[in-house]
Amino acid sequence: MSSTYAWAGIAAIVVTATAGDILQARAMKQLGDLGAIRRSQSLTQVVRRVASSAPFLLGLLFMALAFFSLLVTLSWGEVSVVGPASASLTFIANAIAARIFLKEQVTRRRWLAACFVAGGVALLAR
Amino acid sequence: MTARKYLILLAVAVFAACGDVCLARGMRDFGAVTAANWRWLLTALANAWVIGGIVLLILFFCTYLTALSWADLTYVLPATALSYILMAALGKIFLHENVTRAHWLGIALVTIGVGVVASGPSHTTPAHATTQGPNLHREVVLKTGTESQP
């Protein structure tokens, strides 16, 4: 299988994994501090609130899509390329998407951290 | 950030690393899964290591969601990247995997990244600002009110 397929697969993993992370983060932000909610509600009520959140369920769907994209891409390309490339690019994509969709202030400190971690993960995942 | 919140971030990293290592250890008992023997995956679900790994990964997901409820995604992801270092260490100790020079360099880069983000603020979103905003305003009003009294 050509490297074009492998890189298209890596792009699919990065997009679906980032969408999953962003949706999960949005769901949790909408619900608020789970520790504080837990003090006034039972664990079952907290689980029910999380499980009935639309962004949370959509996030789970995207996480499942990311997992299956990874499985398919691993059959197209070498694990030593697919693993590090998808893991490190997801860190960078998350920083960009969090700034756009979650309105997080991605400061120079956070960019630096994301780049260091992405580089480190790329080396560790080889 | 309270000590309890730092503990939750640490728990995210520990559960993720231990869960993955348990799954890897369990799957070693079964060998490579192919299209011909994919049914082995079902029997793998009865393996103690695989069950332990799944339980740990469920705990990882719960602590990860808890962390996301009070911290930014761009804070939680790098801050919990310690899991990659733990995974390399556990892989070397328990699975006797080879840790190369490139891996050590990767560990150094992740450690720097974690240190850089963990020393900064954990929450910067407008949602946080709006929940603080009225409280801050109320504090200012109360203070002004008190000061204006004779």
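Residues numbered from 1 in each chain as written. Chains lettered and ligands numbered in written order. Predicted model: local features only at pLDDT ≥ 70, side-chain atom pairs only at ≥ 80, totals over all residues.

A. Broad picture of the overall build of chain A. Scanning chain A from terminus to terminus reveals six helices and zero strands. Taking the principal axes of the C-alpha coordinates as reference, chain A spans close to 55 × 35 × 25 Å. Counting only residues that meet the buried cut, chain A has 46% of its 126 residues in that class. Long-range pairs, those at least 24 residues apart, make up 79% of the contacts in chain A with a sequence separation of at least 6. (Helix = DSSP H or I, 4+ residues; strand = E, 2+ residues; numbered from the N terminus. Buried ≥ 20, exposed ≤ 12 C-beta atoms within 10 Å, placed from the backbone. Contact = placed C-beta atoms within 7 Å.)

B. Just the overall build of chain B, in detail. Helix and strand counts for chain B stand at seven helices and zero strands. Helices (α) and strands (β) of chain B occur, in sequence order from the N terminus, as α-α-α-α-α-α-α. Looking at the 150 residues of chain B, the share that counts as buried comes to 35%. In chain B, of all internal contacts separated by at least 6 residues, the share reaching a separation of at least 24 is 80%.

C. How the structure looks around the packing of helix α1 (residues 3-31) of chain A against helix α4 (residues 54-76) of chain A. Residue and element names in this part refer to chain A. Contact pair α1 / α4: the axes reach a minimum separation of 8 Å and the direction vectors enclose 160°. By the criterion of interaxial angle, the relationship of α1 to α4 is roughly antiparallel. Helix-helix and strand crossings are classified by hand; for α1 and α4 the assignment is left-handed. Taken together, the residues of the contact of α1 with α4 break down into 19 nonpolar, eight polar and one charged. (Axes fitted to C-alpha atoms, helices over the stretch in contact; angles between N-to-C directions. Parallel < 35°, antiparallel > 145°, perpendicular 65-115°, else oblique. Left-handed = near helix turned anticlockwise from the far one by under 90°. Nonpolar A, V, L, I, M, F, W, Y, C, P; charged D, E, K, R; others polar.)

D. Molecular detail of the interface of chain A and chain B. With 35 residues of chain A at the interface, the matching set in chain B holds 29 residues. The set of elements that each furnish at least two residues to the side of chain A that touches chain B consists of α1, α2 (34-40), α5 (79-101) and α6 (108-124) of chain A. Take the side of chain A that touches chain B: its biggest share by element is 12 residues, from α6 of chain A. Looking at the side of chain A that touches chain B residue by residue, the class counts come to 19 nonpolar, eight polar and eight charged.

E. View of the environment of Thr74 of chain B. Mapped onto the secondary structure, Thr74 of chain B falls in helix α4 (residues 73-79). The buried category is assigned to Thr74 of chain B, around which 31 C-beta atoms lie within 10 Å. The sequence separation of Thr74 of chain B and Thr124 of chain B amounts to 50 residues, and the corresponding C-alpha distance is 9.9 Å. Once you skip the residues sitting within four places of it in the chain, Thr74 of chain B turns out to touch Asn94, Ala95, Ala98, Glu104, Val106, Arg110 and Ala114 of chain A.

F. Molecular detail of helix α5 (residues 82-94) of chain B. Given a rise of 1.5 Å per residue, 13 residues ought to cover 18 Å, and the 18 Å separating the end C-alpha atoms of α5 of chain B matches this to within 8%. For α5 of chain B, the full list of buried residues reads Leu82, Ser83, Tyr84, Ile85, Met87, Ala88, Leu90 and Gly91 of chain B. Looking at the buried positions of α5 of chain B, the neighbouring elements they touch are α6 of chain A together with α1 (3-28) and α6 (101-118) of chain B. The positive-phi residue at the C-terminal boundary of α5 of chain B is His96 of chain B, with phi of around 55°. (Expected span 1.5 Å × (residues − 1).)

G. Spotlight on the confidence of the model for chain B. Residues and elements named next belong to chain B. When pLDDT is averaged along chain B, the result is 78; 81% of the residues meet or exceed 70. Here helix α7 (residues 126-148) is the element of chain B with the lowest mean pLDDT, 39, and helix α3 (residues 48-70) is the one with the highest, 93. Note that residues 128-150 has pLDDT below 50 and, in this model, one contact with residues that lie over four places away or in other chains. (pLDDT = per-residue confidence, 0-100.)

H. Quick look at the nonpolar core. In terms of nonpolar packing, the biggest core is built from 73 residues, with Val117 and Val121 of chain A together with Val12 and Leu68 of chain B touching the most fellow members. At 11 residues, α1 of chain B tops the list of elements feeding residues into this core. Not counting residues within four places of it along the chain, the set of residues in contact with Leu68 of chain B comprises Gln24, Ala25 and Met28 of chain A together with Leu73 and Val76 of chain B. (Core = buried A, V, L, I, M, F, W, Y, C linked by C-beta atoms within 7 Å.)

I. Expanded view of the confidence of the model for chain A. Per-residue pLDDT for chain A has a mean of 89; in total, 98% of the residues score no lower than 70. Across chain A, α1 of chain A holds the top mean pLDDT of 93, while α2 of chain A sits lowest at 85.

J. Looking closely at unusual backbone geometry. Phi is positive for Lys103 of chain A, which is not a glycine, with a value near 60°. On the secondary structure map, Lys103 of chain A appears in the loop between α5 and α6. Positive phi, close to 55°, is recorded for His96 of chain B, a residue that is not glycine. Assignment of secondary structure puts His96 of chain B in the loop between α5 and α6.

K. Expanded view of the environment of Phe94 of chain B. Residue and element names in this part refer to chain B. Mapped onto the elements of the fold, Phe94 is located in helix α5. Separated by 72 residues in the primary sequence, Phe94 and Cys22 have C-alpha atoms spaced 9.7 Å apart. Setting aside chain neighbours within four positions, we find Phe94 in contact with Val21 and Arg25.

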